[in-house]
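Summary of the model geometry
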Amino acid sequence: MMDLHCHVDLYPDHQEVLNDIKSSKYYVLSVTTVPSAFEGTVQLTSGIKHCKTALGLHPQLAHLRKNELPLFDKLVDRTRYIGEIGLDGSKGYADYFDDQLEVFTHILKKCEGFDNKILTIHSLNATGEVLEQLKLYPNAGTAILHWFLGTKKQVLEAVELGCFFSIGPAMLTSARGKKVISWIPQDRVLLETDGPFAKVKGKILFPSDSDAVIGYLADIWATQNTVIIDQLSLNFRCIVAVN
Ligand code: MN
């Protein structure tokens, strides 16, 4: 299975998360929040073939680190995976929305120069704005909306745009999260944890914890875990298949 949104470099104990990745053999997308963290994060997981490092600039850091965009450009051909990127309209960050837009659109534009990027996208309190930008840059790559909490209309809009959705155990702890999951087509679902930030019952999530979502999906779609696992594998292959 998989965890397509995990901040491997930000766990308090690196060895603990590396052990989880190695023993679970899960495919892990190790996202970064600033371009200057990319090299070190690649090093951290070197030798683990089923762990890939993504190059990102997190919207909550856009106003502080937009000076790292030239470094982003320098590194962009080193990886197929881009993230964490996106927009955040939450209190404390909405004030810097112009900086966020500058960073996000710069990155989307840059990705349009390639034909195979896979992007993991943050959209907290900015779901509509994120979709608007994805519409403006349709050739940026395959977008995975991470922990997406939009309206039903926005979910359908995102599906129309070709987006996938990564769902983690923390999303199952809210009624709103569950509602959103019920609108997502089965062929667009993927798994994530957003560890170490996301927690369930106060406990930090590790990549292998993403399998908690499998049973939940089997329940709501009235099927067996094995059917869900097959569907998730198929969805994942669909994303990584060379265009
Ligand atoms: Mn994250």
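These lines cover the structure that appears in this document, whether it is placed above or below. Just so it is clear, the structure is predicted and the values come from calculations on it, not from any experiment.

Rules and cut-offs
- Residues numbered from 1 in each chain as written.
- Predicted model: local features only at pLDDT ≥ 70, side-chain atom pairs only at ≥ 80, totals over all residues.
- Heavy atoms only, no water.
- Pairing = 2+ DSSP bridges.
- Helix = DSSP H or I, 4+ residues; strand = E, 2+ residues; numbered from the N terminus.
- Axes fitted to C-alpha atoms, helices over the stretch in contact; angles between N-to-C directions.
- Phe/Tyr/Trp six-rings, centres within 6.5 Å; stacked < 30°, edge-to-face > 60°.
- Buried < 20%, exposed > 50% of the residue type's maximum accessible area, 1.4 Å probe, protein only.
- Lys NZ or Arg CZ within 6 Å of the ring centre and 35° of its normal.
- Contact = heavy atoms within 4.5 Å.
- Core = buried A, V, L, I, M, F, W, Y, C linked by side-chain atoms within 4.5 Å.
- 1 Å grid on protein atoms, 1.4 Å probe; cavity = no way out; pocket = protein on both sides within 12 Å on 5 of 7 lines; lining within 4 Å.
- Points joined across faces, edges and corners; volume = space filled by probe spheres on them.
- Nonpolar A, V, L, I, M, F, W, Y, C, P; charged D, E, K, R; others polar.

This part takes up the sheet that holds strand S2 (residues 27-30). Reading across from one edge, S1-S2-S3 is the order of the 3 strands in this open sheet, with parallel pairing throughout. Two strands in the sheet have a free side with no partner beyond their single neighbour: strand S1 (2-6) and strand S3 (51-53). Taking the axes of each pair of neighbouring strands and ignoring which way they run, one obtains an average angle of 10° across the sheet. As judged from the 3 bridges shared by S2 and S3, these two strands associate in the parallel manner. Paired with Leu29 across the strands is Lys52, a residue of S3.

Enumeration over the complete set of coordinates arrives at 3 aromatic pairs. On the basis of an interplanar angle of 55° and a centroid distance of 4.6 Å, the ring pair of Tyr27 and Phe236 is categorised as tilted. Of this pair, Tyr27 sits in strand S2 while Phe236 sits in helix H10 (residues 225-240), placing them 209 residues apart in sequence. You'll find Tyr27 and Phe236 in the same group, each marked buried. Where Phe148 meets Phe165, the ring centres are 5.8 Å apart and the plane angle is 65°; that geometry is what we call edge-to-face. In this pair, Phe148 is assigned in the loop between strand S6 (142-146) and helix H7 (152-160) and Phe165 in strand S7 (residues 164-167), connecting sequence segments 17 residues apart. You'll find Phe148 and Phe165 in the same group, each marked buried. Cation over ring: Lys117 sits above Phe114, and NZ or CZ is 4.0 Å from the ring centre. When the ring centre of Phe164 is taken as reference, the NZ or CZ atom of Arg188 above it lies at 5.6 Å.

Pairing in this open sheet of 5 strands is parallel, and the strands run S4-S5-S6-S7-S8 from one edge to the other. Since the sheet does not close on itself, it has two edges, and those belong to strand S4 (81-86) and strand S8 (189-191), each with one partner. In this sheet, adjacent strand axes meet at a mean angle of 30° when their direction is disregarded. Of the pairings in the sheet, the one linking S7 to S8 comprises 3 bridges and is parallel in character. Of the residues in S8, the one forming a bridge with Ile167 is Leu191. Relative to the sheet, helix H6 (residues 127-136) contacts strand S5 (118-122) and S6, its axis offset from that of S6 by approximately 175°.

Moving on, we get to the nonpolar core. In this structure, Ile82, Ile107, Ile121, Leu134 and Leu145 are the most contacted members of the largest nonpolar core, which totals 63 residues. Listed in part, the 11 residues of the second largest apolar core include Leu18, Tyr26, Val28 and Phe206.

Moving on: empty space enclosed by the protein. As enumerated under the stated definition, the model contains 1 cavity of 30 Å³ or more in all. Lining the largest cavity are Leu4, Tyr27, Leu29, Tyr81, Ile118, Ile144, Phe236, Ile239 and Val240. Going through the elements one at a time, S2 and H10 are the ones with two or more residues in the lining of the largest cavity. In terms of residues, the lining of the largest cavity owes the most to one element, H10, which gives 3 residues. Partitioned by chemical class, the residues of the lining of the largest cavity number 9 nonpolar, no polar and no charged.

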